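Now for the letters of each chain:
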Amino acid sequence: MSVMKRLSMIFKSKANKALDKMEDPRETLDYSYQRQLELLQKVRRGVADVATSRKRVELQVNGLEQQARRYEEQGRKALSVGREDLAREALQRRSNLQGQMADLKIQHENLQAEEEKLTTASQRLQAKVDSFRTKKETIKATYTAAEAQTRINEAFSGISEEMGDVGLAIQRAEDKTAQMQARAGAIDELLASGALDDYSGTRGDDIQAELDRMGGGMDVELELARMKAELGQGPAPKSAIEPGQGQAAPQQAQPQNTQQLRQPGEGA
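Here, residues in each chain are numbered from 1, in the same order as that chain's written sequence. Note on the predicted model: pLDDT of at least 70 is required for a residue's local features to be given, and 80 or more for side-chain atom pairs to be given and counted; whole-chain, interface and lining totals, by contrast, use all residues. In computing side-chain values, all of the structure's heavy atoms are included and hydrogens and water are not.

A. Quick peek at the confidence of the model for the protein. The quantity called pLDDT is the predictor's confidence in a given residue, expressed from 0 to 100. Averaged over all residues, the pLDDT of the protein equals 77, while 69% of them reach at least 70. Put simply, DSSP H or I for four residues or longer makes a helix, DSSP E for two residues or longer makes a strand, and each gets a number counted from the N terminus. Highest mean pLDDT in the protein belongs to helix α2 (residues 25-80) (90); lowest belongs to helix α6 (residues 243-267) (44). The low-confidence segment residues 240-268 (pLDDT under 50) makes two contacts with residues lying over four places distant or belonging to another chain. By the convention used here, residues are in contact when the closest approach between their heavy atoms is within 4.5 Å.

Set out below in structure tokens:
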């Protein structure tokens, strides 16, 4: 296959695809119906023209018949007055008219047959146009319903062009939101670790951060010890002793300390 043939085939295939995409069956049907109406109008005009010609021939035949009768009357009158020569002339003219009338009658018969043929064709074409119009409207209604159903199904499934754009917009918004959330979380971690400086004045120092971390760990240890004490798996933590018990212990220990302080005096 030559290069030109390949280029021609490619061009025709792309043009056919573009035309198929642009073609609307409803418009094509309307155009076809319009062409059929134009053809029907031409046939009707042809019938009218043939009927006009037929009528004109009829008028000519009628005129020649009247003229032939007049020549016949003139021949009779000429004979009645003894003018045989005039009678012969009148009859000769009448004979010539009869020849013309015979030709016109043949034309009239031909025109009448053509008129009947065109009238029959017009009636058949009219029936065909009426049937095509009914079928056309049915096909257009069916195509419109199918097109609407297809668009609804595409909208539900998300594969339509409009819904596809909406889906892409939602996806881009979700991706951008997730990216901003990840960036905000990363910046918070960097600020908390001290890798970034907080110029707003709300950043705590490293010592306080370490104390907070240790305090959080101690709270966990105290809670764990309290849970063990409740389950009988260990002594209660110091922070878990009731306030009354915590005050009794120092009162019992105070006399011991006083006694210990008095012993050196007594020994002296």
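B. Quick look at the packing of aromatic side chains. Geometry of aromatic contacts follows a simple scheme: Phe, Tyr and Trp rings, the Trp one being its six-membered ring, pair when their centres are within 6.5 Å, and the pair is stacked under 30 degrees between planes, edge-to-face over 60, tilted otherwise. Evaluated as defined, the whole model comprises one aromatic pair. Ring geometry for Y33 versus F132: centroids 6.4 Å apart, planes at 15°, classification stacked. Of this pair, Y33 sits in helix α2 while F132 is found in helix α3 (residues 84-157), placing the two residues 99 residues apart along the sequence. Given a relative accessible area of 14%, Y33 falls into the buried group. Throughout this description, the term charge over a ring refers to an Arg CZ or Lys NZ atom that lies within 6 Å of the ring centre and within 35 degrees of the ring normal. Directly above the ring of Y33 sits K136, whose terminal nitrogen or CZ lies 5.0 Å from the centroid. Exposure is judged per residue with a 1.4 Å probe applied to protein chains only, and the accessible area is read against the type maximum: over 50% gives exposed, under 20% gives buried, and values in between give partly exposed.

C. Seen up close, α2. Residue count minus one, scaled by 1.5 Å, sets the expected span of a helix. For α2, spanning 56 residues, the distance from its first C-alpha to its last is 82 Å, which sits close to the expected 82 Å at 1.5 Å a residue. Once α2 finishes, G82 follows within two positions and takes phi at roughly 85°, a positive value.

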